[in-house]
Protein chains: 4
Amino acid sequence: MLLDIDLQSETPIYTQLVHGIVEGIARKQLQPGEGLPSVRSLAADLGINLHTVNKAYQLLKQEGYVQINRKQGVVITMDAYPAADDAYRSRLREQLRPLIADAICRGVTKEQFAEMSQAVFEEMLPKEEK
Amino acid sequence: MLLDIDLQSETPIYTQLVHGIVEGIARKQLQPGEGLPSVRSLAADLGINLHTVNKAYQLLKQEGYVQINRKQGVVITMDAYPAADDAYRSRLREQLRPLIADAICRGVTKEQFAEMSQAVFEEMLPKEEK
Amino acid sequence: MLLDIDLQSETPIYTQLVHGIVEGIARKQLQPGEGLPSVRSLAADLGINLHTVNKAYQLLKQEGYVQINRKQGVVITMDAYPAADDAYRSRLREQLRPLIADAICRGVTKEQFAEMSQAVFEEMLPKEEK
Amino acid sequence: MLLDIDLQSETPIYTQLVHGIVEGIARKQLQPGEGLPSVRSLAADLGINLHTVNKAYQLLKQEGYVQINRKQGVVITMDAYPAADDAYRSRLREQLRPLIADAICRGVTKEQFAEMSQAVFEEMLPKEEK
DNA sequence: GTGGTCTAGACCACG
DNA sequence: GTGGTCTAGACCACA
């Protein structure tokens, strides 16, 4: 698994972990049913504390991305994936607002913004194009 | 000025202030050259700490949104607006990545995502339709 | 015997086993004197660890639900059933307290709570209606 | 605030804290809008670690019982209380099942069980009867 | 002052 | 072996 953590970043390490793993799932590099490394081993790999990894795993569990059981450790959820319900859509809108307000002030047009989003989107789905 | 602050929110109050003011500028409710309320009066209006307002103003200045003069107080920058340079574009991309990764996992298509962005964009530019 | 084990559940597997077997006795699906499957076969059936099944059986024995003989294996107690003594009543009350406190906070009335309990009770005693 | 914690108990300390606080809310000893002690002071009072208190507070927040903001610390939610929705009802039913199965095996009748529940209920609402 | 984050190290329950 | 719990102590962001 490729996770690069920036210890100097403003964003908390556990948030970086969550983002990285979600992105791994989006890229299909992490398949449903697949197990994630144990808190201890991932912590050792990244040179961080196991509690930090644990917190990331707990958040992922809470959002429905993984399940944690005593046998296999942490496993990517197979079914009942997080849904794009109204709560999600309104949250996303709130997250987009400041980004878009900033973009407008900088003279970025609707089209340019859409273009950039598309680029990120497609970079995230390389296998879909094969 | 309409600024609604949510004390329960995860986002720091000063960040909410920055977002609110930038959005005001994007919506053209705040015009270049226009003055913002003094630190003291805005803090009193919102019932928050002086330091918090001050921190927001300093950040806005640092990003080039406002200028702070001893005489006129805080004034929205007339020229030399923040530019959409490469640094900005790569920062925006980094901010979009986790949002888009999450969206992909929830089965949101590129088109749906674009649609939602557009909606936010247009809601932010009501005067463009005149 | 119908025992469905949820590996994702918070409750330990051995606890789920105990609950399932006690419920089987309550429903009279398991009769006094009846033998339970051997540790080995039940573990194999459910795809779980031998130790887990063993721990559940030991707990059931400790609470007086079963007797364990070398010859007949694990057998449901015929007489000397666990009694509803004071120790039990106070333990039950302690278990009910957090449930009821939560219910009160959610606006559940005494009557609604009683109704729900009754429903579970009756669902557990289908043969009583014959 | 009266919270008695049993360090020897099987139930985790943070769970005992959650139960105690929810019960305090149910008993109206803790009023909506009221602030809870800071993690540090409560931890000091109880002679436990601040992280343990923090975990309890986080859980209460997650369940909607309290809100955490930077100004006043932890405050009991005033509106939008946890609701008695279907998810709650089915969860409660699952929690009641093992208790009731056990009760049935011990010869406790439906009426006796209801009586005990009522007793706990009424003990929790002393002021309602005044 | 508050809570948020991170570290380090320990013990236990579970399987 | 796994995660769950608890402790102790540190630094920082926020207000």
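Criteria and cut-off values
Residues numbered from 1 in each chain as written. Chains lettered and ligands numbered in written order. Predicted model: local features only at pLDDT ≥ 70, side-chain atom pairs only at ≥ 80, totals over all residues. Heavy atoms only, no water. Contact = heavy atoms within 4.5 Å. Buried area = accessible area lost by both parts, 1.4 Å probe. Salt bridge = Lys/Arg side-chain N within 4 Å of Asp/Glu carboxyl O. Polar contact = N/O pair within 3.5 Å; in protein donor to acceptor, adjacent residues only side chain to side chain. Helix = DSSP H or I, 4+ residues; strand = E, 2+ residues; numbered from the N terminus. Nonpolar A, V, L, I, M, F, W, Y, C, P; charged D, E, K, R; others polar. Near = heavy atom within 4 Å.

Peer 1: I would appreciate a short explanation of the interface of chain A and chain B in the present structure.
Peer 2: A common way to state how big an interface is: give the accessible area lost once the parts meet. Taken together, the 40 residues of chain A in the interface contact 40 residues of chain B. Both faces considered, chain A and chain B share a buried interface measuring about 4400 Å² in area, 70% of it formed by carbon and sulfur atoms. On the chain A side of the interface with chain B, the three residues burying the most area are R106, M116 and F121 of chain A, jointly 17% of the side's total. In this structure, the connection of chain A to chain B is made through six salt bridges. R91 of chain A is paired through a salt bridge with D102 of chain B; the nearest N and O atoms lie 3.3 Å apart. Between chain A and chain B we count nine residue pairs in polar contact (both at pLDDT 80 or more) in total. Elements with a minimum of two residues in the side of chain A that touches chain B: α1 (13-26), α4 (86-105) and α5 (110-124) of chain A. The element best represented in the side of chain A that touches chain B is α4 of chain A, accounting for 16 residues. Looking at the side of chain A that touches chain B residue by residue, the classes come out as 26 nonpolar, five polar and nine charged.

Peer 1: Explanation requested: the protein's contact with DNA strand E in the structure shown.
Peer 2: Near DNA strand E, the surroundings consist of 24 residues, among which I13, Y14, H51 and T52 of chain A together with R40 of chain D are the closest. When the atoms of DNA strand E within 4 Å of the protein are grouped by moiety, sugar and phosphate amount to 72% of the total. Between a phosphate oxygen of DNA strand E and a side-chain N or O atom of Y14 of chain A, the distance comes to 2.3 Å. One nitrogen or oxygen atom from the main chain of V39 of chain D is found 3.1 Å from a phosphate oxygen belonging to DNA strand E. For the surface near DNA strand E, the secondary structure elements donating two or more residues are α1 and α3 (50-62) of chain A, α1 (13-26) and α3 (50-62) of chain C together with α2 (39-46) and α3 (50-62) of chain D.

Peer 1: What exactly am I supposed to notice about the protein's contact with DNA strand F here?
Peer 2: Taken together, 24 residues lie near DNA strand F, and I13, Y14, H51, T52 and K55 of chain D sit nearest. Counting only atoms of DNA strand F within 4 Å of the protein, the sugar-phosphate share comes to 72%. In this structure, Y14 of chain B approaches DNA strand F through a side-chain N or O atom, which is 2.9 Å from a phosphate oxygen. Contact between DNA strand F and K55 of chain D: a phosphate oxygen at 2.7 Å from a side-chain N or O atom of the residue. Listed by contribution, the elements that provide at least two residues to the surface near DNA strand F are α2 (39-46) and α3 of chain A, α1 (13-26) and α3 (50-62) of chain B together with α1 (13-26) and α3 of chain D. When its residues are assigned to classes, the surface near DNA strand F shows ten nonpolar, nine polar and five charged.

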